[in-house]
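Descriptive analysis of the structure
One letter stands for each residue in the lines below.
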Amino acid sequence: MNTNKKINVAVFVSGGGTNLQALIDAVDANIITRAKLSLVVSNNANAYAIKRAQSNNIPVLVIQKDDNGYLKFENKVIKALEMYDIDIIVLAGFMQILSKDFTKKYENRIINIHPSLIPSFCGKGYYGLRVHKATLEYGVKLTGATVHYVNEVPDGGKIIMQKAVRVLKNDTPETLQKRVMEKAEQIILPRAVELVARKMLKEKK
Ligand code: GAR
């Protein structure tokens, strides 16, 4: 296999960007070798993730949903993806649900990180800290993170990778979120990106 060959990745963000940072670090550490972080798309002009991209010389586009709704947003996104010759999209803390048409167009080419062990605490309304609040309220002893393909069902696509994390007695949503991010999300997201990149390069041959 030509070891120089890489797929182009667009990372979609909305907030802090710790998962984006994990991808950047994984490229530096040669954990990701077959994917290039070619573009960051943010739907939030104030996302700290934008700064992380800029300080690593990754092109950033802020594309926001306006009164014309999804269609206009997604058409702009599609144009950008074509311009940057993007192969896969990684949703890394992207807090917007993509339409059925969009997910169909990029079937098996969008992956998402979710901060629970799917099928628990996932789907519409479960995002960010809300997931960890629900986890603690239910009283489960194990949680974790899941990387999965994205289809028209929120958090419903095929699972690529999961990692479990223990829930501790005195956890708050914040402490649990931090542990899930550090011990699960930031480990499996880079690995999953490399896995999907290798698979895609094999299929392209
Ligand atoms: C992460 O915990 C991610 O798994 C979650 O939001 C956080 C974003 O953090 N995503 C979802 O809840 C999606 N349903 P980050 O911006 O620091 O990567």
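Look up a bit, the structure's there.
Residues numbered from 1 in each chain as written. Predicted model: local features only at pLDDT ≥ 70, side-chain atom pairs only at ≥ 80, totals over all residues. Heavy atoms only, no water.

As for the packing of aromatic side chains
Counted according to the given criterion, the structure contains four aromatic pairs. Ring plane angle 70 degrees and centroid distance 5.3 Å describe the contact between Phe12 and Phe94, whose orientation is recorded as edge-to-face. Taken together, the residues Phe12 in strand 1 (residues 7-13) and Phe94 in the loop between strand 4 (88-91) and helix 4 (100-105) connect sequence positions 82 residues apart. When the ring of Phe121 is compared with that of Tyr138, the centres are 6.0 Å apart and the planes differ by 70 degrees; the resulting orientation is edge-to-face. Separated by 17 residues along the polypeptide, Phe121 in the loop between strand 5 (110-114) and helix 5 (129-138) and Tyr138 in helix 5 bring together distant segments of the chain. In this structure Phe121 comes out as buried when scored by relative accessible area, which is 14%. The exposure class of Tyr138 is exposed, given its relative accessible area of 66%. (Phe/Tyr/Trp six-rings, centres within 6.5 Å; stacked < 30°, edge-to-face > 60°. Helix = DSSP H or I, 4+ residues; strand = E, 2+ residues; numbered from the N terminus. Buried < 20%, exposed > 50% of the residue type's maximum accessible area, 1.4 Å probe, protein only.)

So, the sheet that holds strand 4
Spatially, seven strands are ordered 3-2-1-4-5-6-7 in an open sheet, and the strand pairing comes out mixed. The sheet is open, and its two borders are formed by strand 3 (60-62) and strand 7 (159-166), each paired with just one other strand. Sheet twist, expressed as the mean angle between neighbouring strand axes with direction ignored, is 20 degrees. With seven bridges joining them, strand 6 (residues 142-149) and strand 7 adopt antiparallel strand pairing. Residue pairing in the sheet places Leu142 in a bridge with Arg166 of strand 7. Contacts from helix 6 (residues 173-204) reach strand 1, strand 2 (35-42), strand 4, strand 5, strand 6 and strand 7 within the one sheet, and its direction differs from that of strand 7 by about 160 degrees. (Pairing = 2+ DSSP bridges. Axes fitted to C-alpha atoms, helices over the stretch in contact; angles between N-to-C directions. Contact = heavy atoms within 4.5 Å.)

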